[in-house]
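Each chain is listed here by its residues.
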Amino acid sequence: MNVNEVVFEVSPEMEGERIDKCISSYLSAVSRNYIQKLIKNDGVFVNDKAVKANYKFKLEDRIRFEIPKSEEPDIPAQDIPLDILYEDKDLLIVNKPKNMVVHPAPGHYEGTLVNAVLYHCRGDLSGINGVLRPGIVHRIDKDTTGSLIVCKNDRTHNAIAQLLKTHDITRKYRAIVFGSIKEDEGTISAPIGRHSTDRKKMAVNERTGKHAVTHYRVLERFNGYTYIECRLETGRTHQIRVHMASIGHPLVGDTLYSGNRKIPFKLEGQALHAMTIGFVHPSTNAYIELDAPIPQYFTNLLEILRTK
């Protein structure tokens, strides 16, 4: 069989998940059934040892297996404009716009951030996360705007991944939430895991959730809304959205976590912006910190609320 060997390392959001589920999610061009057959036939190796389907990933794991070449999607490089906040030979930091998916998925192989950086970097990207996610070491949601690190080589990718693992990257978000938050600042420490009945959602889950901490402070209060800054101590999927909803202040525009609240202002997705990112550069050892400008839709909403 004409095959390719796939090798990748576990990212933080994959830790603790079953190996068959995570691999099929990671490499969505290959069916879960194919992955399960590979595992059954001792064809999936973790740290060079064959594992079974009930194996759960750890952050330091290195996964290796083979897939048919014919199953690999062709991800085109596309000349899509990028708002680049910083760039050097090792990495770039982009300001991702609203309504842009970070990486390709089945049925959506074009128009993503990956397509854009493939063109911009001429394919000079880290390969640890495979053909669908070259250069991608962390993600933000489709409707979340703001700063995102893209790695150009595997050494930088591994270094940034380690900083994420040890919570040594500064990540500050701006958000507008429903309701008036009484206290000026606070911390939400509540484990986040997959929702028990809706697999598209995450939830605070004391039994199976992973440790998650969000620090927030109030920037401005309006009539029925609050403008806040959130600082991530951890980086779980939908963390800010889930945590703020859990204390009764879901994000404005967030149809997934706002319950029965009416979404005002004709927003496309949640009012959430990944504004500040800071870290020690793996090559220079110098600390760099950058702010992604607040997008126009966000500033427009603030002006509306100030006169409401």
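This section reports on the structure supplied with the text. (Residues numbered from 1 in each chain as written. Predicted model: local features only at pLDDT ≥ 70, side-chain atom pairs only at ≥ 80, totals over all residues. Heavy atoms only, no water.)

Counting buried positions along strand β6 (residues 91–96) yields six of six residues, so the element is predominantly enclosed. Side-chain alternation along β6 places L91, I93 and N95 on one buried face and L92, V94 and K96 on a second face that is also buried. Two elements, strand β5 (residues 84–87) and β6, share three bridges in a ladder whose sense is antiparallel. Directly across from I84, in β6, lies its bridge partner V94. Connecting β5 to the next strand, β6, in antiparallel fashion are three residues. Pairing of β6 with strand β7 (residues 145–151) involves six bridges; the strand directions are antiparallel. Bridge pairing in β7 links L91 to C151. (Buried < 20%, exposed > 50% of the residue type's maximum accessible area, 1.4 Å probe, protein only. Helix = DSSP H or I, 4+ residues; strand = E, 2+ residues; numbered from the N terminus. Pairing = 2+ DSSP bridges.)

One non-glycine residue, N47, lies in the positive phi region at around 55 degrees. Position of N47 relative to the elements: it lies in the loop between β2 (45–46) and β3 (49–50). One non-glycine residue with positive phi stands out, namely N285, at about 65 degrees. Topologically, N285 is positioned in the loop between β14 (272–280) and β15 (287–291).

What follows is about the side chain of H138. Topologically, H138 is positioned in the loop between α3 (113–120) and β7. For H138, a relative accessible area of 10% puts it in the buried group.

Right, let's talk about helix α4 (residues 154–165) for a bit. Over its 12 residues, α4 extends 16 Å from the first C-alpha to the last, a length consistent with the 16 Å expected when each residue adds 1.5 Å. For α4, the full list of buried residues reads T156, H157, I160, L163 and L164. Around the axis of α4, the buried residues are gathered within 125 degrees of arc, so they sit on the same side. Buried-residue contacts for α4 involve β6, β7, β8 (170–178) and β14. Looking at the residues trailing α4, positive phi occurs at H167, about 60 degrees. (Expected span 1.5 Å × (residues − 1). Arc of directions from axis to C-beta. Contact = heavy atoms within 4.5 Å.)

If you trace the backbone, V252 turns up in the loop between α5 (239–246) and β14. Judged by its relative accessible area of 1%, V252 falls in the buried class. When the C-alpha positions of V252 and R241 are compared, they lie 9.8 Å apart, and in sequence the two are 11 residues distant. Leave out the neighbours within four places in its chain, and V252 touches I176, V177, F178, Y225, P264, F265, L267, G269, Q270 and A271.

With respect to the helices and strands, the residue T237 is situated in the loop between β13 (225–232) and α5. Put simply, T237 and K201 are 36 residues apart on the chain and 9.3 Å apart in space, counted from C-alpha to C-alpha.

Next up on the list: the nonpolar core. Y173, I228, I240 and M244 are the most contacted members of the largest nonpolar core, which has 32 residues in total. At the level of secondary structure, the elements contributing two or more residues to this core comprise β6, α3, β7, β8, β12 (213–221), β13, α5 and β14. Here this core takes four residues from α3, the largest share from any one element. With residues up to four places along the chain from it excluded, the contact list for M244 reads V177, I181, I188, Y216, I228, C230, H249, P250 and L251. (Core = buried A, V, L, I, M, F, W, Y, C linked by side-chain atoms within 4.5 Å.)

Attention now goes to the pairing of β12. Here strand β9 (residues 185–189) pairs with β12 via five bridges, running antiparallel. Each bridged residue has a counterpart across the sheet, and for T187 the counterpart in β12 is H215. Across seven bridges, β12 lies against β13 in antiparallel orientation. Each bridged residue has a counterpart across the sheet, and for T214 the counterpart in β13 is L232. Connecting the antiparallel pair β12 and β13 is a turn made up of three residues, with G224 showing a positive phi of about 90 degrees.

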